[in-house]
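A closer look at the structure
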Amino acid sequence: MHSKEDATPLTRFQVVLVILALACGGFGIGTGEFAIMGLLPDVAATFQVTTPQAGYVISAYAMGVVVGAPLIAIAGAKASRRSLLLILMSVFTVGNLASALAPDFLSFTVLRFLTGLPHGAYFGVSALVAASLVPVQMRAQAVGYVMMGLTVATLLGTPVMAYFGQSLNWRVLFLSVGVIGAITVTLIWLYLPRDKPSEGATVMRELVAFTHPQVLLTLTLAATGFGGMFSIFSYIAGTATELANMPAGMVPVIMALFGVGMNMGNVVGSKLADIALMGTIGGMLIFNIVVMTLFSVTAASPWMLCLCTFLIGCTFAAGPAIQTRLMDVAADGQTLAAASMHSAFNIANALGAWLGGLVITLGYGYAATGYVGAALSFVGLLVFTASVMLERRGICGLRPA
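Residues numbered from 1 in each chain as written. Predicted model: local features only at pLDDT ≥ 70, side-chain atom pairs only at ≥ 80, totals over all residues. Heavy atoms only, no water.

This is how the line gets drawn: UniProt positions are given in the numbering used here, feature names are shortened, and annotations may be inferred rather than shown by experiment.
Per an unreviewed UniProt entry, the chain goes by MFS transporter and derives from Rhodoferax potami. As stated in UniProt under Subcellular location (unreviewed entry), the record for the chain gives "Cell membrane".

Right, here's the structure in full:
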């Protein structure tokens, strides 16, 4: 971490406990973010609004992530990472518990925005902490373990909470996520050693990160490279039922396949990133283009739709590599750059969903969302190529932090 009060290194078991605590928070965040998508009709019924209007709460949360990540990273520049993580997860916990008790739609929407504020900064700081606890050749794997909380949430937390939310009440979701947040605060308090802020830590030093071309290129790469995944997955239910003529009961199975792919991609991708960081990023962008084009060509086939959905989940393999790349090029602005990765991720979410919906509205059909994804990944590949070329020429290469 920054500089420990106690120079004694942590044992392997202690490192596992810290990463488990950080991943627990990721699991809570992922469950709260994704499970609400399956409960919008219930929220709409409670507050007497339409389902599309209820969807504003998802946009409000995403906006909170985009706005909160850089602002909190700047505001917390002089705080220790342990203290910052405790504050962030406490705000997340209170926000979810309050969301479960929201009396009207306006207050619920505002609370979702406020609850989204700590999201990006939490993942960014967690990644920095995890990477600092392991040998340099295992950094991406440590980042992947933290992000596994998010990917496991898509596989387990989201369907379980959606089921109980539909069976009992959607408020159970946010009550449960609030409890997970409280458990995370306790685990971080118990297992993460106290640390001191970096010497000379200032707001300006964090802001300098955004003057580095490689940081901007990497964030642009994340915003475009991940956009394809969301352009397809946002409309996967309609693609399955209306194009592939699959029964509605298969939609949860398809979503589970996506979750399995995300988890497999996260594990394999983090290991590959420790072997060849830039090779993993470039290779996954090419993989994206191939798989998403294949999706468009074969989406009418139920079997191919299932296979391609799993492979699209696997594209998350680039996540740990891009997060590690940001940590390498951010120099002294690590907290801000690492947190902004999740702002870029949510921009990718909004951009992909918007472009995917646009081609459907224009009459090109659900299969065209794959071509949108391939195009976004191609843009990401161009950005990646520019980054590599500039670095090789020494124009904007930076020392690893």
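Brief notes about unusual backbone geometry
Quick note on the threshold: Here a strand is any run of E in DSSP of at least two residues, a helix any run of H or I of at least four, and the numbering for each starts at the N terminus. Only protein chains enter the calculation, and the probe is 1.4 Å; a residue is then buried if its accessible area is under 20% of its type maximum, exposed if over 50%, and partly exposed in between.
Its identity is not glycine, yet Q48 carries a phi of approximately 55°, on the positive side. Among the secondary structure elements, Q48 is positioned in the loop between α2 (40-47) and α3 (51-54). Judged by its relative accessible area of 75%, Q48 falls in the exposed class. Of note in the backbone geometry, N245 takes a positive phi value of approximately 55° without being a glycine. Structurally, the position occupied by N245 is in the loop between α12 (236-243) and α13 (251-275).

Some thoughts on the environment of L390
Among the structural elements, L390 can be located in helix α18 (residues 368-392). In sequence terms L390 and T154 are 236 residues apart; their C-alpha atoms lie 37 Å from each other.

Here we look at the pattern of salt bridges
Stated formally: Here, a salt bridge means any side-chain nitrogen of Lys or Arg that lies within 4 Å of a carboxyl oxygen of Asp or Glu.
Using the criterion set out here, one finds 1 salt bridge in the structure. Where R325 meets E391, a salt bridge forms, and the shortest distance between an N and an O atom there is 3.1 Å. Taken together, the residues span a long stretch of sequence, with R325 in helix α16 (residues 318-329) and E391 in helix α18 at a distance of 66 residues.

A short note on helix α10 (residues 213-225)
Threshold: One less than the number of residues in a helix, times 1.5 Å, gives the span that helix is expected to have. The contact criterion used throughout is that any non-hydrogen atoms of two residues lie within 4.5 Å.
Look at α10: 18 Å from first C-alpha to last across 13 residues, which is about the 18 Å you get at 1.5 Å a residue. Of all 13 residues in α10, 10 are buried; the element is thus mostly enclosed. Within α10 the residues assigned to the buried category are Q214, V215, L217, T218, L219, L221, A222, A223, T224 and G225. Among the structural elements, α11 (227-233), α14 (277-298), α16, α17 (334-361) and α18 are those in contact with the buried residues of α10.

Some details on the packing of aromatic side chains
The test is simple: Between 30 and 60 degrees the pair is tilted, below 30 it is stacked and above 60 it is edge-to-face, where a pair is any two Phe, Tyr or Trp rings, Trp via its six-membered ring, whose centres lie within 6.5 Å. Charge-over-ring contacts are defined here by two conditions on Lys NZ or Arg CZ: a distance within 6 Å of the ring centre and an angle within 35 degrees of the ring normal.
On inspection of all chains with the given rule, the structure shows 12 aromatic pairs. Plain terms: the ring middles of F226 and F316 are 6.0 Å apart, the flat faces sit at 45° to each other, and that makes the pair tilted. In this pair, F226 is assigned in the loop between α10 and α11 and F316 in the loop between α15 (302-314) and α16, connecting sequence segments 90 residues apart. With relative accessibility at 1%, the residue F316 sits in the buried group. Ring-pair connections join several aromatic residues into one group, and the members of that group are F47, F105, F108, W170 and F174. The positively charged end of R82 is found above the aromatic ring belonging to W189, 4.8 Å away from the centroid.

Things to note about a nonpolar patch on the surface
Condition: Patches draw on residues past 30% relative accessible area with no salt bridge. Two like charges within 9 Å are joined, as are two nonpolar side chains (Val, Leu, Ile, Met, Phe, Trp, Tyr) within 5 Å. Surface accessibility follows the Shrake-Rupley procedure with a 1.4 Å probe radius. Residue values consider only the protein chains on display as shielding.
A cluster of nonpolar side chains, contributed by V260, M264, V267, V268, L272 and I275, occupies part of the molecular surface with about 500 Å² of accessible area. Tracing the backbone through its elements, the reader meets V260 in helix α13.

Looking at the side chain of R82
For R82, the location among the structural elements is in helix α5 (residues 81-100). Residue R82 is classed as buried on the basis of its relative accessible area, which comes to 6%. What R82 contacts, discounting residues up to four positions off in sequence, is I188, W189, L192, P193, R194 and D195.

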